[in-house]
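Fold and geometry: a report
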Amino acid sequence: LAKTTQPISMDSYEGQEVNITCSHNNIATNDYITWYQQFPSQGPRFIIQGYKTKVTNEVASLFIPADRKSSTLSLPRVSLSDTAVYYCLVDGYNKLIFGAGTRLAVHP
Amino acid sequence: KAGVTQTPRYLIKTRGQQVTLSCSPISGHRSVSWYQQTPGQGLQFLFEYFSETQRNKGNFPGRFSGRQFSNSRSEMNVSTLELGDSALYLCASSLQGRDEQYFGPGTRLTVT
């Protein structure tokens, strides 16, 4: 059963690039990695999903090394509105395991 | 298009009672998943329904059950409520289940 580990909190400043790494040592062959963003009093919102190598969309990039035991969410040029909790999710055939979440605080 | 809706938004129950929560997915989405979110345990997967069948299940006791109807709407039931069941219950829908999930605003359940 894949267990995920991510930093509890991170601080950044507006305009900087933020990288949040999630460890998932027991990831299975068919598992996907997905990241979600959650603001207070709202449900999580999809950011990006990947299986291996690199995936990029209009808001983020996801880097997954060849062994797939970790993944890194990269947020370019963060703004104050990116202050939120970020969750790493390992999506397996039988289980969906969320990380504990990383609380990102972006400062002016 | 309309997002995922959950009813009720807030609920207060006493220990021993049972509760039913409802989730209406985005039109066309066949997969509905339920999650429990608490400050101590974070986001935990309860179960997933796809085309009226439970496809996946998390590690929760049998007091937690669910079902999905032919229109993809889903209900979750918790029987014999315990204080520890106080949480935000989130529902998410997706087209196939392993793709992007769209979350509802959640139902905040308080058990006293």
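Now for a quick tour of the structure. Every value quoted in this text rests on a predicted model; they were computed, and no experiment measured them. Starting from 1, residues in each chain are numbered consecutively following that chain's sequence as written. Key to labels: chains lettered from A, ligands numbered from 1, both in the order written. With the structure being a predicted model, the display of local features is reserved for residues of pLDDT at least 70 and the display and counting of side-chain atom pairs for 80 or more, all residues being used for whole-chain, interface and lining totals. Where side-chain values are given, they derive from all heavy atoms of the structure, hydrogens and water being excluded.

What about the packing of aromatic side chains?
Selection criterion: Working definition: a ring pair exists when centres of Phe, Tyr or Trp rings (six-membered ring for Trp) sit within 6.5 Å. Plane angles under 30 degrees give stacked, over 60 give edge-to-face, the rest tilted. Each helix is a run of H or I in the DSSP string that is no shorter than four residues. Each strand is a run of E no shorter than two, and both are numbered from the N terminus. Working definition: with a 1.4 Å probe on protein chains only, accessible area under 20% of the residue-type maximum means buried, over 50% means exposed, and in between means partly exposed. Two conditions define a charge sitting above a ring: the NZ of Lys or the CZ of Arg must be within 6 Å of the ring centre, and it must be within 35 degrees of the ring normal.
Going through the model one piece at a time under the given rule, you end up with 10 aromatic pairs over all chains. Note on Tyr36 of chain A and Phe46 of chain A: the rings are 5.9 Å apart at their centroids and 80° apart in plane angle, and the pair reads as edge-to-face. Of this pair, Tyr36 of chain A sits in strand 3 (residues 32-38) while Phe46 of chain A sits in strand 4 (residues 45-50), placing them 10 residues apart in sequence. With a centroid separation of 5.9 Å and an interplanar angle of 90°, the aromatic rings of Tyr87 of chain A and Phe98 of chain A are classed as edge-to-face. Of this pair, Tyr87 of chain A sits in strand 8 (residues 84-91) while Phe98 of chain A sits in strand 9 (residues 96-98); the two residues are 11 residues apart in sequence, bridging distant segments of the chain. In this structure, Tyr87 of chain A and Phe98 of chain A share a single accessibility class: buried. Three or more aromatic residues joined by ring pairs make a cluster, and in this case those are Tyr36, Phe46, Tyr87 and Phe98 of chain A together with Tyr35, Phe45 and Phe103 of chain B. For the cation-ring pair, Arg68 of chain A lies above Tyr51 of chain A, with the distance from its terminal atom to the ring centre recorded as 4.0 Å. Across the ring face of Phe50 of chain B, the terminal group of Arg55 of chain B is positioned such that the distance to the ring centre comes to 4.2 Å.

Overview of the side chain of Thr38 of chain B
Residue and element names in this part refer to chain B. Going by this rule: Contacts described as polar in this section are N or O atom pairs within 3.5 Å, which, within protein, must combine one atom able to donate a hydrogen with one able to accept it, while residues neighboring in sequence count only if both atoms come from side chains. The contact definition used throughout considers only heavy atoms, calling two residues in contact when any of these lie within 4.5 Å.
Looking at the element boundaries, Thr38 is found in strand 4 (residues 31-38). Overall, the relative accessible area of 14% leaves Thr38 in the buried class. For Thr38, the side chain forms a polar contact with the main-chain nitrogen of Gln41, separated by 3.1 Å. Sequence-distant contacts of Thr38, that is, excluding residues within four places in its chain, are made with Ser86 and Ala87.

Digging into the pattern of salt bridges
Residue and element names in this part refer to chain B. Heads up, the rule is: What makes a salt bridge here is a side-chain nitrogen of Lys or Arg within 4 Å of a carboxyl oxygen of Asp or Glu, nothing more.
Enumeration according to the criterion identifies five salt bridges over all chains in this entry. Its salt-bridge partner being Glu48, residue Arg55 comes within 2.6 Å of it at the nearest N-O pair. You can call Glu48 buried: its relative accessible area is 2%. When salt bridges with common partners are traced through the structure, they connect Arg63, Glu82 and Asp85 into a single cluster.

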